[in-house]
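Structural features, examined
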Number of protein chains: 4
Amino acid sequence: MTLIAETGPTVFETVESEVRSYCRTWPTVFERATGSRLFDEHGRPFLDFFAGAGSLNYGHNNPALKRPLLDYLGGDGITHGLDMSTTAKREFLETFRSTVLAPRALPYKVMFPGPTGTNAVEAALKLARKVTGRTTVVSFTNAFHGMSLGSLALTGNAGKRAGAGVPLTHTVQMPYDRYLGGALPDFHWFERLLEDSGSGLDHPAAVIVETVQGEGGVNPARAEWLRGLADLCRRRDMLLIVDDIQMGCGRTGDFFSFEEAGITPDIVTLSKSISGYGLPLSLCLFRDELDVWEPGEHNGTFRGNNPAFVTATAALDAYWRDTALRDRTLRRAATVEAALGELGTAAAPRGRGLVWGLEFEDGERARAVCRRAFELGLLVETSGPRDEVVKLLPPLTVTDDELDEGLGILSRAVRHTA
Amino acid sequence: MTLIAETGPTVFETVESEVRSYCRTWPTVFERATGSRLFDEHGRPFLDFFAGAGSLNYGHNNPALKRPLLDYLGGDGITHGLDMSTTAKREFLETFRSTVLAPRALPYKVMFPGPTGTNAVEAALKLARKVTGRTTVVSFTNAFHGMSLGSLALTGNAGKRAGAGVPLTHTVQMPYDRYLGGALPDFHWFERLLEDSGSGLDHPAAVIVETVQGEGGVNPARAEWLRGLADLCRRRDMLLIVDDIQMGCGRTGDFFSFEEAGITPDIVTLSKSISGYGLPLSLCLFRDELDVWEPGEHNGTFRGNNPAFVTATAALDAYWRDTALRDRTLRRAATVEAALGELGTAAAPRGRGLVWGLEFEDGERARAVCRRAFELGLLVETSGPRDEVVKLLPPLTVTDDELDEGLGILSRAVRHTA
Amino acid sequence: MTLIAETGPTVFETVESEVRSYCRTWPTVFERATGSRLFDEHGRPFLDFFAGAGSLNYGHNNPALKRPLLDYLGGDGITHGLDMSTTAKREFLETFRSTVLAPRALPYKVMFPGPTGTNAVEAALKLARKVTGRTTVVSFTNAFHGMSLGSLALTGNAGKRAGAGVPLTHTVQMPYDRYLGGALPDFHWFERLLEDSGSGLDHPAAVIVETVQGEGGVNPARAEWLRGLADLCRRRDMLLIVDDIQMGCGRTGDFFSFEEAGITPDIVTLSKSISGYGLPLSLCLFRDELDVWEPGEHNGTFRGNNPAFVTATAALDAYWRDTALRDRTLRRAATVEAALGELGTAAAPRGRGLVWGLEFEDGERARAVCRRAFELGLLVETSGPRDEVVKLLPPLTVTDDELDEGLGILSRAVRHTA
Amino acid sequence: MTLIAETGPTVFETVESEVRSYCRTWPTVFERATGSRLFDEHGRPFLDFFAGAGSLNYGHNNPALKRPLLDYLGGDGITHGLDMSTTAKREFLETFRSTVLAPRALPYKVMFPGPTGTNAVEAALKLARKVTGRTTVVSFTNAFHGMSLGSLALTGNAGKRAGAGVPLTHTVQMPYDRYLGGALPDFHWFERLLEDSGSGLDHPAAVIVETVQGEGGVNPARAEWLRGLADLCRRRDMLLIVDDIQMGCGRTGDFFSFEEAGITPDIVTLSKSISGYGLPLSLCLFRDELDVWEPGEHNGTFRGNNPAFVTATAALDAYWRDTALRDRTLRRAATVEAALGELGTAAAPRGRGLVWGLEFEDGERARAVCRRAFELGLLVETSGPRDEVVKLLPPLTVTDDELDEGLGILSRAVRHTA
């Protein structure tokens, strides 16, 4: 099947940089999208189990968000607002307070550090270092926290690290949950380093963690491991940063992925699905007493993306005033796990809520599964250090039929590539 | 005059971080905007001579961009596209090629490094270091290139640098044009360091420059200085990066601010007004032969902001298929300069096109001017190392009357604060 | 007992910096020394079980070295020779080759990197980084490799690290032998990081190790652990550096402390007892194929300390042309271990050859033991991250009687402080 | 003329590392030395106008130092003393106080940071960073401060810097006196950076300077430039470190090279000729109020080189209780300058006291002059970034006849290579 029929190289090939990547995996030209489906320019539909790498938890062009957005833009609402006060920002802050912070009794201030995840991580690092006066930040094996220089130093992936072109410093990697196969008690190595003044570990400012590592291969940490980490941070005077950029906004069920563990991080980063509509927005949340910023000490041109405030507010209103979405996501976890468990992959499926990983014997097979799934009309991508894990991130608004359909296509793709 | 009458602290004060800044300068709540004017929630109009720090060169909610945007969103066009191929991206690339690259014979590939300026700078740094295998990058006194760790190391401002919390390394600062008052031939110090193997300057990978320093206090470099720099880079085997994030997209007249000097940088960063509508988008352009990226070696969730492609395409179509906007901007430079010259400020007004700076005796006075202008209905902001420069960035689409009105308000604000 | 009776503060207190330390532990003024004994200015003898922190393996003013030294100096031999060729250096190189390198078939070139241990470590780091083109060097928990910036980054001790005043970078700490209590197979964590391209560990240039950690609290690595490390380095393409500054020159029995394990490091650093007379000298040895230095690429004013060559040659002639010293040292290990085992300390005595550590419940007790030993006429010092280990480093030339005497005093000091 | 006749490669070639350098310039094997002369193993004399790179200001094996040294060693004085109090150290401290510190009213504490110059520089950096809590240290173009990682970051030479294998950070280079040809007022650039909070220069902890750059090509700073620098440091709250390792101990006339300028640095490093006999010793001197070290926070095995204390004391006694040596050195400066001025080299001879540089058109010629001088029986070496400067460092104890002889040989070498 030829998906792109052209007589010569496309403008993507002649003008766009070689750095482009997803367009190589999914070789067609997409035109529109709605709910769980993308359509290419030939009208061919694709079920989207990638959801903008977790940026489209409420699906494409969700009508509950689209209407307010069109109204706002149509009415000449502020589009670009730096960090001026606007009615759209006020409504967002009030809604975020009433639907997210207050019900959970979270003592957080909200910062808009720039429109994308890595901006939020950079801001979190600055703040943790400023508050503590220390430089070292601990991250975990197979972590992914972004591509700007500060965030990249926390990221595990060797290829991405090599792209920095300068040594990546001021960070130390610790083993993520189950990394050492359970041979050691949780945090044994980490705590030994902390308690031993001869260990060579400079006292860290903070620890940054994903509750489920998405790019790292869909590795969910156990709740007790996260509790142990929070406890370690408290006992050892380190700030705990949860990077909830991919796993927040309901991906694992609760609004924040750390709620299940019953912990309260000192700093939280949010992005991807916070605008709910795929519009760039990110937040950095932190305990009130950590709000030691000078005005403008961190800034960014697009930190106040007002159309994104509008859709973000609509999304909170539509999905987080009750527990329906959360409950449905948690229920579906079992469905997905069961379906994936029958595929006979190299390892048991792993995940939480609606993020799942299927580990294959190697990256070649996993990539073949994704290619075949694409041909069969399903978008899924690989992750993990060797691309060996097929990652499922369907919209949380996926219907039961769509979920069945997608899992069915995946099953066929696995069989076809065996 | 009380602009906000409230009985208690606002949600901005109780929930938003202390890092907020512009909302302190302009203490009201904005609601909508059109053309050169913003309106607060009480309907009070403000003439906007800040234009989103240069992100709104075509004014607020420009109808020529608004219509295609509403059509696109209304028709369920792709909003979030990672770096998938989409019809919106194709149209943008083709339009960018036909209106920008081809007419200027610029041999550039286009990279979407993430939606904000600092992402583009980080990508440019990575690429320059990868291509050359060197680490040092030269920037200039009073430069501003962004707030993530890589970009911040290039930035001059001491307060912003201090926010890093770690030493900023791998960069060296050189004197910007006229920084040493003309006592030395251009680049004398820089070239001495380069030619002297005992100077302690490790051979730089690249030099990054703004043709007019915006945040640094509106310092325009002379065309011959820029030519000298380009020549130095060529002779001494360093890549030349022009950061055109604030000064590109017609701000100085030409689409690129470096066109006047007749130079062709190796790498160019664009953001702010490239989407034309205040939507987050940035580009990194570089010579074809520098396109040594591995697929995905740099990435970012919001690198393909498709609504921004739509408005960007519309803006190029509306304003860059002929020279009308450019010519008008260049003509207006003289008008603005003349008007500002009569204000009797501490130094002659300086600028190019529609970016102008008025230097006052100190930051206190300049801030007072901005406060008074706000009270009189004009938004302007300070810049410079001591906030001593009032910076004018009206939309390029400002009408003659609006321009007169704004300059008149500014004149009064200067007089009132004398 | 008052050891120093003065009417006012001494010149040590008024002129010497507060950084002085051993003089606080041993509050007297020493005047002369011979064999295993130091004498203070009042003629009071002290048995020296510290031996210049391992710099006096052949005792103080050993006659076999003293005579050639006096002859050399008396005959106006070259004292200061930079790296000129001298007869003294030639004799040393020839003797080192015939007594050390050739009998062990060690394929090493010899470099004189400066007169002290940290110079040798800095040179080893430079060479490893130059050869591999990589920056990261792995060291171990509780390592000590010196106090200049490059070496300090490898050192574990938090107080010493803090003294750097800048972040210490380009190094990663791994658990030393038995650090995790045997819960994990040797090098499990290290190898996981190496094999996992998502671990965040940049491929190291080299690993640097002490076979027995002296400053770290007298921690001897098992021979099989060292063999495992050498094997890991070979399999994973990392250079193996053994820092034999304190443990070399016969301290553990063999000339090199790594001989027992049957490994051949890529790079070896030697200092302390290599001159045999307490004169500053250090060597950096490395495999012939690693000798990629440019002439003068690393240098140092005192790298050719010719009087030290003379005593070094004499020491090799006197002690390393047969196995008598080695055999005696190995035999004595058992004696010392047995004697120390009867003291009932917090942990079993640990050591090899004539380096032994006695761990007490805390640093306070260990320091009290050293103070009491001093009062009783024995010089011993603490080590370990909390100063909790009394370290024994008697001269290898100690007589049986002196050894008994010293162990007896130590036993009394332990009892008196119980 | 064949200087070494051998049937095969020497042990220097087969065993010593390729890093060796001076032995390549002076291809013979030296055996003994006295006063201003070295003798090779064939008895051939060489007049030494290099003096151990400034380590032998009192000549080789000076009898006034030799006698006490032989007595001390013969009498079993302490050779190796870590930082224990010894009679030899006491005598040195008292003599240093009475002959150096007290007569000049210098308020310094004395630290023994290790036996070589780079140890002293590393200690000075640590102290400056600790006292100020800042990281950046300013050095000058063509500076040389040593080869360990901290010192190397201050050093200008590109080849030596490249040897680091890691980026050299936390330092900034400023133009040395006359580097910009006098086009700018002294420190104009430096002060602009300091006064401008947008300059990108992080507030430095300290400035380190050589009053005459030896390795950098014999560049003497003018006294008023040094005074300007001291004034700048005081006004701008930066510590002033004078690295007097090569230029101290009378090389320029006064004991300290900065005395002529009438300044009092905050920190001074001394090494090379401080022992007076070529034995490794270095000092770090600093204002009493800067003595914030913790005991042992910086240390080093050979920091108490007691034989070096003995010769250092003897040298101070012999040469610094009156002004005879100083006066003679100052008188000879004129003689040397006049003689060198007649050689018609590329630039006027430059220097102070008994350190002089002769600049040739390129490094090839300068090296040829040194080679020819060697053949004629004179040891001189090149320096400068391109090796273009022949550097003269005769012993301060050189006789009038020897000085004439050496200058005569040099003159012939210049002519022979024209």
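Residues numbered from 1 in each chain as written. Chains lettered and ligands numbered in written order. Predicted model: local features only at pLDDT ≥ 70, side-chain atom pairs only at ≥ 80, totals over all residues. Heavy atoms only, no water.

A tally of helices and strands in chain A yields 14 helices and 17 strands. Dimensions of chain A, computed from C-alpha atoms along their principal axes, come out at roughly 65 × 55 × 45 Å. Of all 418 residues assigned to chain A, the portion counted as buried reaches 70%. Put simply, of all contacts in chain A between residues at least 6 apart along the chain, 73% involve residues at least 24 apart. For chain A, the accessible area works out to roughly 12400 Å², and carbon and sulfur atoms hold 47% of it. With 44 positive and 54 negative side-chain charges, chain A shows a spacing of 1 Å between the two charge centroids. (Helix = DSSP H or I, 4+ residues; strand = E, 2+ residues; numbered from the N terminus. Buried < 20%, exposed > 50% of the residue type's maximum accessible area, 1.4 Å probe, protein only. Contact = heavy atoms within 4.5 Å. Areas by Shrake-Rupley, 256 points an atom, 1.4 Å probe, with all protein chains shown as cover. Lys, Arg positive; Asp, Glu negative; His and termini not counted. Charge placed at Lys NZ, Arg CZ, Asp CG, Glu CD.)

Moving on: unusual backbone geometry. Residue and element names in this part refer to chain A. Residue Asn-142 is not a glycine yet carries a positive backbone phi of 65 degrees. In this fold, Asn-142 is placed in the loop between strand S5 (137-140) and helix H7 (149-152). Exposure remark for Asn-142: the relative accessible area of 8% places this residue in the buried category. One non-glycine residue, Asp-237, lies in positive phi territory at about 55 degrees. Tracing the sequence through the fold places Asp-237 in the loop between helix H10 (223-235) and strand S10 (239-243).

It is worth spelling out the side chain of D:Thr141 at this point. Along the chain, the position of D:Thr141 falls in the loop between strand S5 (137-140) and helix H7 (149-152). Assessed through its relative accessible area of 0%, D:Thr141 is described here as buried. If near-sequence neighbours (up to four positions away) are discounted, D:Thr141 is found in contact with B:Trp189, B:Leu193, B:Gly198, B:Ser199, D:Met174, D:Pro175, D:Tyr176, D:Tyr179 and D:Gln213.

The next thing to look at is the interface of chain A and chain B. Much of the literature gives interface size as the accessible area that the parts lose upon coming together. Taken together, the 102 residues of chain A in the interface contact 102 residues of chain B. Carbon and sulfur atoms make up 61% of the surface buried where chain A meets chain B, a total of about 8800 Å² over both sides. The interface formed by chain A and chain B contains six salt bridges. In this structure, A:Lys89 engages B:Glu16 in a salt bridge whose closest nitrogen and oxygen atoms are separated by 2.8 Å. Joining chain A to chain B, the criterion identifies 48 residue pairs in polar contact (both at pLDDT 80 or more). (Buried area = accessible area lost by both parts, 1.4 Å probe. Salt bridge = Lys/Arg side-chain N within 4 Å of Asp/Glu carboxyl O. Polar contact = N/O pair within 3.5 Å; in protein donor to acceptor, adjacent residues only side chain to side chain.)

This part takes up the relation of the copies chain A and chain B. Rotating chain A by 180 degrees about the axis while translating it 0.0 Å along that axis superimposes it on chain B, leaving an RMSD of 0.0 Å. Expressed as a symmetry operation, the mapping of one chain copy onto the other fits a two-fold axis. In terms of proximity to the rotation axis, the leading residue of chain A is A:Leu149, whose C-alpha is 2.7 Å off the axis. (Least-squares fit on C-alpha atoms with pLDDT ≥ 70 in both.)

This part covers the state of the cysteines. All names here are of chain C. Taken as a whole and assessed by the stated rule, the structure comprises zero disulfides over all chains. Among the cysteines around Cys-233, which has no disulfide bond, Cys-284 carries the closest sulfur, lying 16 Å off. With a relative accessible area of 2%, Cys-233 lands in the buried category. (Disulfide = S-S within 2.5 Å.)

Turning our attention to the sheet that holds strand S1 (residues 30-34) of chain D. All names here are of chain D. Here four strands make up an open sheet; going across it, the order is S1-S2-S3-S15 and the pairing mixed. The open sheet has two edge strands, S1 and strand S15 (378-379), and neither has a second partner. With two bridges connecting them, strand S3 (residues 45-48) and S15 associate as parallel partners. Within S15, the position partnered with Leu-47 by the bridge is Leu-378. (Pairing = 2+ DSSP bridges.)

Before going further, it helps to spend a moment on the pairing of strand S5 (residues 137-140) of chain C. All names here are of chain C. Neither face of S5 is open: one carries Val-137 and Ser-139, the other Val-138 and Phe-140, and all of them are buried. Across two bridges, S5 lies against strand S7 (residues 206-209) in parallel orientation. When the bridges of S7 are listed, Val-138 appears paired with Val-207.

Here we come to the confidence of the model for chain A. Residue and element names in this part refer to chain A. On average, residues of chain A score 96 in pLDDT, and 98% of them reach the 70 mark or higher. In the model, residues 1-5 has pLDDT below 50 throughout and makes nine contacts with residues more than four positions away in sequence or in other chains. Taken together, the chains of this predicted complex give a pTM of 0.96 and an interface ipTM of 0.97. (pLDDT = per-residue confidence, 0-100.)

Below, the discussion takes up the packing of aromatic side chains. Within the structure shown, the criterion is met by 78 aromatic pairs over all chains. Ring pairing ties together the aromatic residues A:Phe92, A:Phe96, A:Phe112, A:Phe255, A:Phe256, A:Phe258, A:Phe309 and A:Trp320, which thus form one cluster. We note B:Arg192 situated over the ring of D:Tyr179; from NZ or CZ to the ring centre the distance is 3.9 Å. Here the basic side chain of C:Arg32 rests over the ring of C:Phe39, its NZ or CZ set 4.4 Å away from the ring centre. (Phe/Tyr/Trp six-rings, centres within 6.5 Å; stacked < 30°, edge-to-face > 60°. Lys NZ or Arg CZ within 6 Å of the ring centre and 35° of its normal.)

Residue and element names in this part refer to chain A. Under the 1.5 Å per step criterion, the end-to-end length of helix H5 (residues 87-104) is 25 Å for 18 residues, consistent within 8% with the ideal 26 Å. At Arg-97, H5 shows its largest bend, some 40 degrees. Listed in full, the buried residues belonging to H5 are Thr-87, Ala-88, Lys-89, Arg-90, Phe-92, Leu-93, Thr-95, Phe-96, Thr-99, Val-100 and Leu-101. Ala-105 occupies a position one or two residues after H5 and carries a positive phi of about 55 degrees. (Expected span 1.5 Å × (residues − 1). Bend = angle between axes of the 7 residues up to and from the residue.)

Turning our attention to the pairing of strand S12 (residues 283-287) of chain A. Residues and elements named next belong to chain A. Judged by how many residues are buried, S12 sits mostly within the fold: four of five residues are covered. Pairing of strand S11 (residues 267-270) with S12, which is carried by four bridges, proceeds in the antiparallel orientation. Bridge assignment links Ile-267 to a residue of S12, and that residue is Phe-286.

Before going further, it helps to spend a moment on the nonpolar core. General note: in soluble globular proteins, nonpolar side chains tend to be found buried as a group. Within the largest apolar cluster, 432 residues are counted, with the highest numbers of intra-cluster contacts made by A:Phe96, B:Phe96, C:Phe96 and D:Phe96. Excluding anything up to four places from it in sequence, B:Phe96 contacts B:Leu101, B:Val110, B:Phe255, B:Phe256, B:Leu270, B:Ile274, B:Leu283, B:Leu285 and B:Leu316. (Core = buried A, V, L, I, M, F, W, Y, C linked by side-chain atoms within 4.5 Å.)

Residue and element names in this part refer to chain B. Mapped onto the elements, Gly-59 comes out in the loop between helix H3 (51-54) and helix H4 (63-74). The exposure class of Gly-59 is buried, given its relative accessible area of 0%. Distance in space between the C-alpha atoms of Gly-59 and Pro-9 is 32 Å, their sequence separation being 50 residues. Aside from chain neighbours lying at most four places away, what touches Gly-59 is Gly-35, Gly-276, Pro-395 and Thr-397.

Before going further, it helps to spend a moment on empty space enclosed by the protein. Summary: where empty space remains is shown by rolling a probe the size of a single water molecule over the atoms. Evaluated as defined, the whole model comprises 12 cavities of 30 Å³ or more. Considering only enclosed or pocket space, the largest cavity measures out at about 280 Å³ in volume. Lining of the largest cavity is provided by 23 residues; of these, C:Thr169, C:His170, D:Pro167, D:Thr169 and D:His170 occupy positions nearest its centre. Grouping the constituent residues of the lining of the largest cavity by class yields 12 nonpolar, 10 polar and one charged. Estimated volume of the second largest cavity: approximately 170 Å³. What lines the second largest cavity is a set of 18 residues, and nearest its centre among them are A:Leu149, A:Thr169, A:His170, B:Leu149 and B:Thr169. Those elements giving two or more residues to the lining of the second largest cavity turn out to be helix H6 (117-132) and H7 of chain A. (1 Å grid on protein atoms, 1.4 Å probe; cavity = no way out; pocket = protein on both sides within 12 Å on 5 of 7 lines; lining within 4 Å. Points joined across faces, edges and corners; volume = space filled by probe spheres on them. Nonpolar A, V, L, I, M, F, W, Y, C, P; charged D, E, K, R; others polar.)

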